[in-house]
There are 2 protein chains.
Amino acid sequence: MSAGLLTRRLAERIVGSDPLKDAQALEAARAGVLDWLASTLAARDDAGADSITAALGISMLGAGTGDSSVPGRPGRLAALDAALVNGYLSHALDYDDVHESVRGHPSAVILSALLAEAEERRSTGSDFLAAYVVGVETMCRLGLALGPKPYEVGWHSTSLLGVLAAAAACCRLARLSANTTVRALGLAVTQAGGLRVHFGTQVKPLHAGLAARSGLLAMRLAEAGITGAEEPLEGPLGFFAALGGVDAKPEKTTEDWGEPWQIAEPGLWFKRYPCCSASHHAADAAMTIHAACGADISAINRVIVSFPPGGDAALIVSEPKTGVEGRFSVEYVIAAALADGELGIGTFADKPIRPDLLALAAKVQRRYDTDIVPAPNAMPKGRFTIVSVIYADGSTHTERVDCPRGAPGHPLTQEERTAKYADAVRGLSPAWQELPGKVGRLEQLADLYTLLPDI
Amino acid sequence: MSAGLLTRRLAERIVGSDPLKDAQALEAARAGVLDWLASTLAARDDAGADSITAALGISMLGAGTGDSSVPGRPGRLAALDAALVNGYLSHALDYDDVHESVRGHPSAVILSALLAEAEERRSTGSDFLAAYVVGVETMCRLGLALGPKPYEVGWHSTSLLGVLAAAAACCRLARLSANTTVRALGLAVTQAGGLRVHFGTQVKPLHAGLAARSGLLAMRLAEAGITGAEEPLEGPLGFFAALGGVDAKPEKTTEDWGEPWQIAEPGLWFKRYPCCSASHHAADAAMTIHAACGADISAINRVIVSFPPGGDAALIVSEPKTGVEGRFSVEYVIAAALADGELGIGTFADKPIRPDLLALAAKVQRRYDTDIVPAPNAMPKGRFTIVSVIYADGSTHTERVDCPRGAPGHPLTQEERTAKYADAVRGLSPAWQELPGKVGRLEQLADLYTLLPDI
């Protein structure tokens, strides 16, 4: 470890970084913003957002109460409230990006806090994008430093690390000093939490919102003068002591910072389907089989889906009743892909599952195989999924996917990304269809307040 | 463990309890409210509260923005904001109550959330007091169930458990169903956090405010319909799995519920001095020596203070520079008590320490003794403190305290409690001096909104 205190070294990197010099990081950041907008806009009618605003005692209707948007919903809110609602909506469909180093969802937290604060501060596009890259870097490096143990015992990385990432991004946006950033990181880490017991419920996306709000609040409390410990991450009773355990490597928090920027390498995984990323391998395989064998599912006798042991840990639902539950069911994902050749927002709606898909999902059996060697570019590392469809005539069609579409190493095409956004803004005014062009030049925008069209 | 899910059993006890039938619990609750008011009012000019309202983007001056008070400060705030500011202020001087089962401060969190919500809901005094008793019970039982490990590795019990206690109290106040209370507990536990690395800084009292706000928000999100896990406490990736470790005893969460009510037995410790409770034994001893030997400290050669090993763990400052730092320094507490015979709010002000007290504090040496047997009523269990003052003429005066004034087993007199409150409201209008009488009949009050006088 180089000299100096860990939290201070991290703070110095956060405020001292100029990542837009790196063309790949800039390109990845613009793509991340567009994908975050698509994921958030696709969820704009989710009823959970109404529950949240009711709990806050605010109304989204009528005159705005602040400067900060919730994309696709009317009115503007105070920045702290917008961060909470946006974090929830951007993760509500599980359509938002994931990152291997995080074991979770960076942009749902970071951009939800950052957009809210940038609109209120009327920040420039270049400050906004630089802050985003720095936030992702903070979250990824902390994920590598903390190691897998906290996730394994029950902590949700998206919120646990996201609160620090959101604070870091907001400090960079506000161009705070390293001293103030140390205090903001301390205020963020002491709000870190979120338990995986809530996976598969509304509380999972809410974690992203709570972390976004808490990270922004941490920055603001530090800016307003609240003082805390000098060593909140590395101190004897600090973050790594409480959470890291023996396999934590705190020095990795700043090691290789920006070399390369984690947003570009290994990079964000933009989802092709609004369902759990662990089901995307099976989804791609089933889509290929659908394209080859057609939509007649009546001839299918059974389906075998094989993983490495534990490869389906996140797919906690085997017998879903609704589309929402089906988001975490590989059985339903395979059935819908085989029957319809499409896994869209409607596939995972909060409605009872179609009888034909229920029947097909019941024919899917999970298996685990320790003999198969995953491909070097498998994403995440060590993963593969094999789907074998066995027909009534005895014939079989098998497809294997180690690195699904959208994951680093197998990125979505420009057209696919544009189509994801276009699908999400269906029904909104034409101004929303022009937004991708604006995002493509975001580093030139003078005032983030003007980025999003009115509703 | 009896049948049924743990979180559900807890929720059923929270909403089904009628603790005011117990005269001791009622009396303890009224005393707790008065002591919380004294602790909060004594801190009303603390600058940290201004930093917090600045960070929230709200102003405490001029017209109020809500229905909820910050005692002794002008205007009213939205309940969630008031809970945050009140939690901070009530713990800012470390003058507020502590409880052995919690290893922390219950009322700072619970009453800060509860008063804010009760004012907005215009709750009755009896609902308010019942909710308070239930909140303390929840926090204490969870503290006993979780065991000491989380505190030892760095978690701050006041916030970690307080968020659940505040949610429980607010659910009882709002008379929610057991189903909704299960969801509120799940929303609370997933916001639990707070690191001890911040002890001795403004972030420690802020933890109480953050937990109060998060607990109230948890109740409101559940009331507004947000759904989460059915087993947030006991589930495989839930609270006890993530935090409890091998020595947790989850079944203690509901064991002996209300038999007796923890608020009455062992009961709240009301502080006589606005400093760390671990220094109160030494403070009492030094006060006795001051009374016997007078205020002439020039004849003191040195002072020995003896603890059981680890008995001074919370007293993290040995060479304080300001009164605020002196709050966690046994050396300063002894010096001020010996010299002035008084440990008041001014003793721990955010000003440089007087040179004569600095010089005397430098003569204090800490020692640890494993041979001494603590008294059966020692508070906390196993604690003692011995102060020996050695004078220039070779004479020595020694005092030992195992259970300090204010702790359960050695309670403050009615007059001392009244004096603590009177000291805190000095400078406020006469209406504030009549408040103790109103609190003494609080169970008869029809509308909590009318409890506190205007500023």
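The rules behind the values
- Residues numbered from 1 in each chain as written.
- Chains lettered and ligands numbered in written order.
- Predicted model: local features only at pLDDT ≥ 70, side-chain atom pairs only at ≥ 80, totals over all residues.
- Heavy atoms only, no water.
- UniProt positions renumbered as here; feature names shortened; annotations may be inferred.
- Helix = DSSP H or I, 4+ residues; strand = E, 2+ residues; numbered from the N terminus.
- Rg over C-alpha atoms; globule rule 2.2 N^0.38 Å.
- Buried < 20%, exposed > 50% of the residue type's maximum accessible area, 1.4 Å probe, protein only.
- Contact = heavy atoms within 4.5 Å.
- Core = buried A, V, L, I, M, F, W, Y, C linked by side-chain atoms within 4.5 Å.
- Polar contact = N/O pair within 3.5 Å; in protein donor to acceptor, adjacent residues only side chain to side chain.
- Axes fitted to C-alpha atoms, helices over the stretch in contact; angles between N-to-C directions.
- Parallel < 35°, antiparallel > 145°, perpendicular 65-115°, else oblique.
- Left-handed = near helix turned anticlockwise from the far one by under 90°.
- Least-squares fit on C-alpha atoms with pLDDT ≥ 70 in both.
- Nonpolar A, V, L, I, M, F, W, Y, C, P; charged D, E, K, R; others polar.
- Pairing = 2+ DSSP bridges.

By the naming in an unreviewed UniProt entry, chain A is MmgE/PrpD family protein, taken from Paenibacillus enshidis. Comment text from UniProt for chain A, heading Sequence similarities (unreviewed entry), reads "Belongs to the PrpD family."

Draft legend 1. How the structure looks around the overall build of chain A. Along the backbone of chain A there are 20 helices and six strands. For 455 residues, the compact-globule estimate of 2.2 N^0.38 gives 23 Å, and the C-alpha radius of gyration of chain A, at 22 Å, lies within 12% of that figure. With the principal axes as the frame, chain A shows a C-alpha extent of 75 × 55 × 40 Å. The 455 residues of chain A split such that 63% are buried. Long-range pairs, those at least 24 residues apart, make up 77% of the contacts in chain A with a sequence separation of at least 6.

Draft legend 2. Structural view of the nonpolar core. Within the largest apolar cluster, 240 residues are counted, with the highest numbers of intra-cluster contacts made by A:Phe128, A:Phe239, B:Phe128 and B:Phe239. Setting aside its immediate chain neighbours within four residues, B:Phe239 contacts A:Leu195, B:Leu146, B:Leu160, B:Leu161, B:Leu164, B:Val189, B:Ala192, B:Pro232, B:Leu233 and B:Gly244.

Draft legend 3. A look at the side chain of B:Lys204. Residue and element names in this part refer to chain B. Relative to the elements of secondary structure, lysine 204 occurs in helix 11 (residues 203-223). Look at lysine 204 and you get buried, because its relative accessible area is 5%. Setting aside anything within four residues of it in sequence, one finds lysine 204 in contact with His91, Asp94, His105, His156, His198, Phe199 and Phe328.

Draft legend 4. Molecular detail of helix 3 (residues 47-56) of chain B. Of all ten residues making up helix 3 of chain B, seven are buried, and the element is well covered by its neighbours. B:Gly48, B:Ala49, B:Ser51, B:Ile52, B:Thr53, B:Ala55 and B:Leu56 are the residues of helix 3 of chain B that are buried. Tucked into the core, helix 3 of chain B has its buried residues touching helix 4 (79-92) and helix 11 (203-223) of chain A together with helix 4 (79-92) and helix 11 of chain B. Near the N-terminus of helix 3 of chain B, the side chain that reaches the backbone nitrogen of B:Gly48, with its oxygen 2.7 Å away, is that of B:Asp46. Looking at the residues trailing helix 3 of chain B, positive phi occurs at B:Gly57, about 75°.

Draft legend 5. Representation of the packing of helix 5 (residues 106-121) of chain B against helix 11 of chain B within the structure. Residue and element names in this part refer to chain B. For the pair helix 5 and helix 11, the least separation of the axes is 8 Å and the interaxial angle reads 45°. Comparing the axis directions of helix 5 and helix 11 gives the class oblique. The interaxial crossing formed by helix 5 with helix 11 has right-handed handedness. Contact residues: Ala108, Val109, Ser112, Ala113, Glu117, Glu120 and Arg121 in helix 5; Ala208, Ala211, Ala212, Leu216, Met219, Arg220 and Glu223 in helix 11.

Draft legend 6. Fine view of helix 1 (residues 6-16) of chain A. Of all the positions in helix 1 of chain A, only A:Leu6, A:Thr7, A:Arg9, A:Leu10, A:Ala11 and A:Ile14 are classed as buried. The inward-facing, buried residues of helix 1 of chain A contact helix 6 (125-146), helix 9 (162-173), helix 10 (178-189) and helix 12 (239-244) of chain A.

Draft legend 7. How the structure looks around unusual backbone geometry. In this model, A:Glu259 is joined to A:Pro260 through a cis peptide bond whose omega is -5°. With respect to the helices and strands, A:Pro260 occurs in the loop between helix 12 and helix 13 (263-267). The omega torsion across B:Met379 and B:Pro380 is -10°, close enough to zero to call that bond cis. Its place among the elements puts B:Pro380 in the loop between strand 4 (364-368) and strand 5 (385-391). Positive phi values are uncommon outside glycine, yet B:Asp94 reaches one of about 55°.

Draft legend 8. Focus on the relation of the copies chain A and chain B. Turning chain A through 180° and shifting it by 0.0 Å along the axis lays it on chain B, with an RMSD of 0.1 Å. Expressed as a symmetry operation, the mapping of one chain copy onto the other fits a two-fold axis. Distance from the rotation axis, computed per C-alpha, reaches its smallest value in chain A at A:Gly193: 3.0 Å. In this assembly, 100% of the residues forming the interface of chain A have copies in chain B that are likewise at the interface, indicating an isologous arrangement.

Draft legend 9. How the structure looks around the side chain of A:Arg213. Assignment of secondary structure puts A:Arg213 in helix 11. Setting aside residues no more than four positions away along its own chain, A:Arg213 makes contact with A:Leu80, A:Ala83, A:Leu84, B:Leu56 and B:Arg213.

Draft legend 10. Spotlight on the packing of helix 3 (residues 47-56) of chain A against helix 4 of chain A. Residues and elements named next belong to chain A. At their nearest, the axes of helix 3 and helix 4 sit 10 Å apart, and the two run at 155° to each other. The angle between helix 3 and helix 4 falls in the class roughly antiparallel. Helix-helix and strand crossings are classified by hand; for helix 3 and helix 4 the assignment is right-handed. Together, Gly48, Ala49, Ile52, Thr53 and Leu56 of helix 3 and Asp81, Leu84, Val85, Tyr88 and Leu89 of helix 4 make up the contact between the two elements. Residues that form the contact of helix 3 with helix 4 fall into these classes: seven nonpolar, two polar and one charged.

Draft legend 11. Main features of the environment of A:Asp340. Residues and elements named next belong to chain A. With respect to the secondary-structure elements, aspartate 340 resides in helix 16 (residues 330-340). A relative accessible area of 33% places aspartate 340 in the partly exposed class. A sequence separation of 148 residues divides aspartate 340 from alanine 192, and the C-alpha atoms of the two residues are 41 Å apart. Those residues in contact with aspartate 340 that lie beyond four places of it in its chain are His290, Arg354 and Leu357. Within polar-contact distance, the side chain of aspartate 340 engages the side chain of arginine 354 at 3.1 Å.

Draft legend 12. Just the pairing of strand 5 (residues 385-391) of chain A, in detail. All names here are of chain A. Of all seven residues that make up strand 5, seven are buried, and the element is covered over most of its length. The alternating pattern of strand 5 places Thr385, Val387, Val389 and Tyr391 on one face and Ile386, Ser388 and Ile390 on the opposite face, and all of these are buried. As defined by bridge partners, strand 3 (residues 300-307) adjoins strand 5 across six bridges and the pair is classed as antiparallel. Bridge pairing in strand 5 places valine 303 opposite valine 389. With six bridges joining them, strand 5 and strand 6 (residues 396-401) adopt antiparallel strand pairing. Counted as the bridge partner of threonine 385 is valine 401 from strand 6. The loop that links strand 5 with its antiparallel partner strand 6 comprises four residues; one of these, glycine 394, has a positive phi angle of about 90°.

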